[in-house]
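Overview (structure and organization)
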Amino acid sequence: MAEAETSNIFYVPTTSLPSITPPDSYDPFQSQRVPLIIDNGSSNLRFGFSTASPHSTPNVIAKYKERKFNQSLLLFGDAIDAESGAKSQAKTPWEGDVLLNFDAMENALDYACVRLGIDADGIDHPVLMTERLCSPLHSRALTSELMFEQYSVPSLTYCIDSVMSFYQNSKPTSGSPFGADGLVVSFNTASTSVIPILNGKGVLSHAKRIPWGTQQSTEYLLKLIQLKYSSFPTRVTSAQASWMLHNFCSFATDYPAVLRSLKVPANMRAAERIIQFPFVIPAVDEKTEEELARIAEKRKEQGKKLQEMAAKSRMEKLAQKETDLQYLTNLKDGKRENKREWTNTLQAEGFDDDAALDETIKKLELDVKRARKKDADGQDDVIEEPSFPLIDVPDADLDEEGLKEKKKQKLMKAGFDARARARREKEKEREEKEAEERREEGERENNFDEWATKLRREQEAIMNKMKERGRRKAALSDRKSAAAQARMKNIASLAADERVSKKKRKAGAEDMFGADDEDWQIYRKLNTAAASSDEEEEFNQLRIIESKLLMHDPTFTTQHTHASIASQRSALISAFRPQYEEGDIEGSARIHLNTERWRVCETYFSPGMAGVDSAGLGEVLQSILSRFSESEKARLVKNVFITGGPSQFPGLQERLHGTLRPILPPEMHLGDIVRAANPSLDAWKGMASFANTDEFHHVGVTAEEYQEWGGERIKRWWGGNWNSAV
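All residue numbers refer to positions counted from 1 along the written sequence of the respective chain. Whole-chain, interface and lining totals are the exception, using all residues; otherwise, since this is a predicted model, local features are given only for residues with pLDDT of at least 70 and side-chain atom pairs are given and counted only at 80 or more. Values shown for side chains rest on all heavy atoms present in the structure; no hydrogens or waters enter the calculation.

1. Overview of the overall build of the protein
Helix and strand counts for the protein stand at 26 helices and 20 strands. Categorising residues by exposure relies on relative accessible area from a 1.4 Å probe, with only protein chains included: less than 20% of the type maximum marks a residue as buried, more than 50% marks it as exposed, and the intermediate range marks it as partly exposed. Going through the 726 residues of the protein one by one, you find that 38% of them count as buried. Residue contacts are defined here by distance: any two heavy atoms, one from each residue, within 4.5 Å place the two residues in contact. Considering only residue pairs separated by 6 or more positions, the protein has 67% of its internal contacts joining residues 24 or more positions apart. The accessible surface values rely on the Shrake-Rupley method and a 1.4 Å probe; as for residues, cover is taken only from the protein chains in view. In the structure as shown, the protein presents an accessible area of about 43,400 Å², 50% of it carried by carbon and sulfur atoms. Helix numbers and strand numbers start at the N terminus; a helix is a DSSP run of H or I with at least 4 residues, a strand a run of E with at least 2.

2. Notes on a negative patch on the surface
Residues enter patches when their relative accessible area tops 30% and they take part in no salt bridge; the joining distance is 9 Å for like charges and 5 Å for the nonpolar side chains Val, Leu, Ile, Met, Phe, Trp and Tyr. Definition used for salt bridges: Asp or Glu carboxyl oxygen within 4 Å of a side-chain nitrogen of Lys or Arg. A positive count includes Lys and Arg, and a negative count includes Asp and Glu. His and the chain ends are not counted in either. All charge positions are set by atom: Lys at NZ, Arg at CZ, Asp at CG, Glu at CD. On the surface, E425, E429, E431, E432, E434, E437, E441 and E445 cluster together into a negatively charged patch. If you trace the backbone, E429 turns up in helix α12 (residues 400-446). Under the relative-accessibility criterion, E429 is labelled exposed at 55%.

3. Some remarks on the nonpolar core
The nonpolar core is taken to be a set of buried Ala, Val, Leu, Ile, Met, Phe, Trp, Tyr and Cys residues, with the residues joined through side-chain atoms within 4.5 Å. Membership of the largest hydrophobic core comes to 49 residues, with the highest contact counts inside it found for M244, F277 and I591. What I591 contacts, discounting residues up to four positions off in sequence, is I225, Y229, F232, V236, R273, I274, I275 and F277. Core analysis: the second largest hydrophobic core is formed by 34 residues, Y26, A104, C113 and Y151 among them.

4. Description of helix α9 (residues 289-333)
What a helix is expected to span follows from its residue count: subtract one and scale by 1.5 Å. With 45 residues, α9 should cover 66 Å at 1.5 Å per step; its first-to-last C-alpha distance of 65 Å lies within 8% of that length. Every buried residue of α9 is listed here: L318, L325, Q326, L328 and L331.

5. Examining empty space enclosed by the protein
Of the grid points, spaced at 1 Å and generated over the protein atoms alone, those admitting a 1.4 Å probe that cannot get out make up cavities, while open sets with protein on both sides within 12 Å along at least five of seven lines make up pockets; any residue with an atom within 4 Å of a point is treated as lining. Grid points are joined across faces, edges and corners, and a volume is the space filled by probe spheres set on the points. Taken as a whole and judged by the stated rule, the model has five cavities of 30 Å³ or more. Estimates place the volume of the largest cavity at around 110 Å³. For the largest cavity, the lining is made up of 15 residues, of which W94, L99, E131, S135 and S139 are closest to its centre. Looking at the lining of the largest cavity, the elements that each hand over two or more residues are β9 (98-99), β10 (127-131) and α3 (137-150). Basically, the charged four are Asp, Glu, Lys and Arg, the nonpolar ten are Ala, Val, Leu, Ile, Met, Phe, Trp, Tyr, Cys and Pro, and anything else, Gly included, counts as polar. Residue composition of the lining of the largest cavity, grouped by class: six nonpolar, five polar and four charged.

6. Notes on the pattern of salt bridges
Enumeration over the complete set of coordinates arrives at 19 salt bridges. Of the charged contacts in the structure, one is a salt bridge between D161 and R132, with a shortest N-O distance of 3.8 Å. Taken together, the residues D161 in helix α4 (residues 161-169) and R132 in the loop between β10 and α3 connect sequence positions 29 residues apart. Accessibility classification places D161 together with R132 in one group, the buried group. Here the salt bridges share partners, and the residues they tie into one network are D97, R132, D161 and R209.

7. Considering the sheet that holds strand β17 (residues 590-593)
Strands are treated as partners if at least two bridges between them are detected by DSSP. Taken in spatial order, the three strands make up an open sheet running β1-β16-β17, and their pairing is mixed. Edge positions in the sheet fall to β1 (9-11) and β17, since each has one partner strand and no second. Sheet twist, expressed as the mean angle between neighbouring strand axes with direction ignored, is 30°. Where β1 meets strand β16 (residues 273-276), three bridges bridge the pair, whose relative direction is parallel. Across the sheet, residue I9 finds its bridge partner in β16, namely I274. Along the sheet, helix α6 (residues 238-248) makes contact with β1, β16 and β17, crossing β16 at roughly 150°. Axis definition: a line fit to C-alpha positions, over the contact stretch in the case of helices; interaxial angles, taken between N-to-C directions, run 0 to 180 degrees.

8. Focus: the sheet that holds strand β7 (residues 90-91)
Taken in spatial order, the three strands make up an open sheet running β6-β5-β7, and their pairing is antiparallel. With one partner strand each, in any of the chains shown, β6 (71-76) and β7 form the two edges of the open sheet. Here strand β5 (residues 61-66) pairs with β7 via two bridges, running antiparallel. Residue pairing across strands places I61 opposite K91, the latter belonging to β7.

9. Describing the pairing of β5
Judged from the six bridges that link them, β5 and β6 form a sheet pairing that is antiparallel. Note on β6: the bridge partner recorded for A62 is L75. Following β5, the chain reverses through four residues before pairing antiparallel with β6; N70 in that reversal takes a positive phi of roughly 55°.

10. A short note on helix α22 (residues 617-625)
Listing the buried residues of α22 in full gives L617, G618, V620, L621, I624 and L625. An end-on view of α22 places all buried positions within 160° of arc, on one side of the element. Contact partners of the buried residues in α22: β12 (182-187), β13 (192-198), β15 (208-210), α23 (630-637) and α24 (652-660). Each direction from the helix axis to a C-beta atom contributes to the arc, which is the arc of those directions.

11. Description of the packing of aromatic side chains
Only rings of Phe, Tyr and Trp enter the pairing, Trp through its six-membered ring, and a pair is recorded when the two centres are within 6.5 Å. The plane angle decides the type: under 30 degrees is stacked, over 60 is edge-to-face, the rest tilted. Counted according to the given criterion, the structure contains 25 aromatic pairs. Relative to Y111, the ring of F76 has its centre 4.8 Å away and its plane inclined at 35°; by these criteria the two rings are tilted. Note that F76 is positioned in strand β6 and Y111 in helix α2 (residues 102-116), a separation of 35 residues in sequence. Note on F76: relative accessible area 10%, which makes it buried.

12. Remarks on the side chain of H55
Its location among the elements puts H55 in strand β4 (residues 55-58). The exposure class of H55 is buried, given its relative accessible area of 16%. In this structure the side chain of H55 is engaged in a polar contact, spanning 2.5 Å, whose partner is the side chain of D24. Residue contacts for H55: discarding those within four places in its chain leaves D24, L45, R46, F47, R115 and L116. Any pair of N or O atoms that falls within 3.5 Å is considered a polar contact. Within protein, one atom must be able to donate a hydrogen and the other to accept it, and sequence-neighbouring residues count only if both atoms are side-chain atoms.

13. Looking at the packing of helix α5 (residues 214-228) against α6
Running from amino to carboxyl end, α5 crosses α6 at an angle of 105°, the nearest separation of the two axes being 9 Å. Considered as vectors, α5 and α6 are oriented roughly perpendicular to each other. Of the residues in α6, those in contact with T214, S217, T218, L221, L222 and I225 of α5 are S238, A241, S242, M244, L245 and H246. Each residue belonging to the contact of α5 with α6 can be placed in one class, and the counts come to six nonpolar, six polar and no charged. Oblique is the label for any angle not covered by the other classes, which are roughly parallel (under 35 degrees), roughly antiparallel (over 145) and roughly perpendicular (65 to 115).

14. So, the confidence of the model for the protein
Confidence of the predictor in every single residue is expressed as pLDDT, which spans 0 to 100. The pLDDT averaged across the protein works out to 84; a share of 88% of its residues lies at or above 70. Confidence drops under pLDDT 50 across residues 502-506; counting only partners more than four residues distant or on other chains, this segment forms two contacts.

15. Focus: the packing of α22 against α24
Think of two packed helices as two axes; the pair is described by the angle between the axes and how far apart they sit. Running from N to C, α22 and α24 cross one another at 50°; their axes reach a closest spacing of 10 Å. In this view, α22 runs oblique relative to α24, as classed from their interaxial angle. Crossing handedness for the pair α22 and α24: right-handed. Counting all contacts with α22, which are made through L617, G618, L621 and L625, the residues of α24 involved are L656, T659 and L660. For the contact of α22 with α24, the residue count by class is five nonpolar, two polar and no charged. Crossing handedness is defined as follows: a turn of the near helix away from the far one that is anticlockwise and smaller than a right angle gives a left-handed crossing, while the clockwise case is right-handed.

So this is what it looks like as structure tokens:
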């Protein structure tokens, strides 16, 4: 294996079982009313007190019945990986981008309380919790009902995670109000949202969201892999596809230019990443030379016995057929003049009439002839001619038994003569073949170049015929092609052909179709699926020519054979999906990522590539900026902020800069594209920082206000959803 290829191989990580972690101590927070921060993400649940470090775990739950002890288990987060059967039962609180499964949400909150060590009847801490941009009122109402009714929280505040991540990275100095400007691009699990922020407040009336996120990107990558490797020996899971997405995919500044560069096979091979999946080398039972020789000898003996048994069975069948033929011939010769008696005799023997008897005799004669010819092909020894003394004796000199014996000897002589003819024909064919080989050998020795050129021309002519036939078959699959239209014309002409009526046929007018052998070619033109005898003959002839060239022409190698040429792939296809030799277990368990590395990320800017009818990120940015004045637009583009897991993909900042620059006036300054310091945790950290300020205590909905207003109402503040706020 080449050194460059070895450096591009990456191994799929193995899933490690989760470790049991004891709960945190609740004593430092029990009576302090420290705010509880919950970042309820679609992929991960992050929770913790605002003055402590956060905990993060996958936001997924599974109810599983363990069969060994017949116990029902409730698994959450990493614990699902400990039970393979629980993965199929896993579900999250989220359906796409909407919080709907509140049973799972309650279980997730129970896990958070257990992990934090909260052993009280309720949560006596103000809660700051995330919700999606423009969250439905029904979802918010049920969440509020769960928090106030089930967990008895004193107050509940909702915020938007991307705004809090922006707050964490643009925090004001102590005592100053938050008044930063910026354009926040948030890459979430099931969506991507763009929120303009002026004076520290999100202008949510101009915010937009596209239905494409990490979940859809993972599914798209998985579909591309399944399409590219339809017969991959190992099942590729969504978790493995997500790992490949986060580690090997990137954004292209100019996607068409990247594709043009990948048209060069060398560039595609240099850009590929090889993913090695686990494989098992089959155990090989190595045998000694003595054992191999003993097995070969045993097989040889078994083959010899089988041949003897087959020959014996063949001779028995031949003898039986000869007996049947003799009996039926005697029956025919003894035909009676009384028609009724003869009919009864035929029916007793299983025949309807004379024609059925003649057909059976003819078939038996043909079978006996074939069997004798086959028997003659397998006999090379000289067989002495047996004597048939009664053949030349007149019938008048023989009695009834003599006549029967004479008929028997005639049949035996006919069989012997047929076998003798078959041997002579075989000998003649052998002599002609040897003469042709001697003539060809003389041509090869006298003028080798001319002989080799002649065979190569014959090989090329046959391959051209086969290629033309293949092109015709491919053209027939396209109903708009000339070949397909000609075929339909032939079918139409046959269907419209005037048939000869019974009256004309009785008068002597006959359908002359088939009188000319060329008439039957029409069926080959119509039935393209059936292989003709010409194809098989050409293939055999081609195989003989290539075997001669391989034996005598040193310049003719296996790469020049028809099989090798037909199996050759273009260099670009070979670079796109390399093929390994048959039996290479390690190579067959590899996935080569090349164009997929940029194609998947490009869907953020062109969701139509994946079949999603939505505007791309570039169109959304242009639409949002067009709603602001030039001065406000300049304030927004000075601070373009990206957050969320996919914001860490390489090339995203350059791609956004290349997307924004053409839609802005030339004189307008475009600031650097700023990525969150920690895209995964900055939202929780921003929430924790805000919860430790005095402003936090004025933006939450208390339990009394919940009883008065209901769960849909929230207070107006800069970090929450402004729709339906009071």
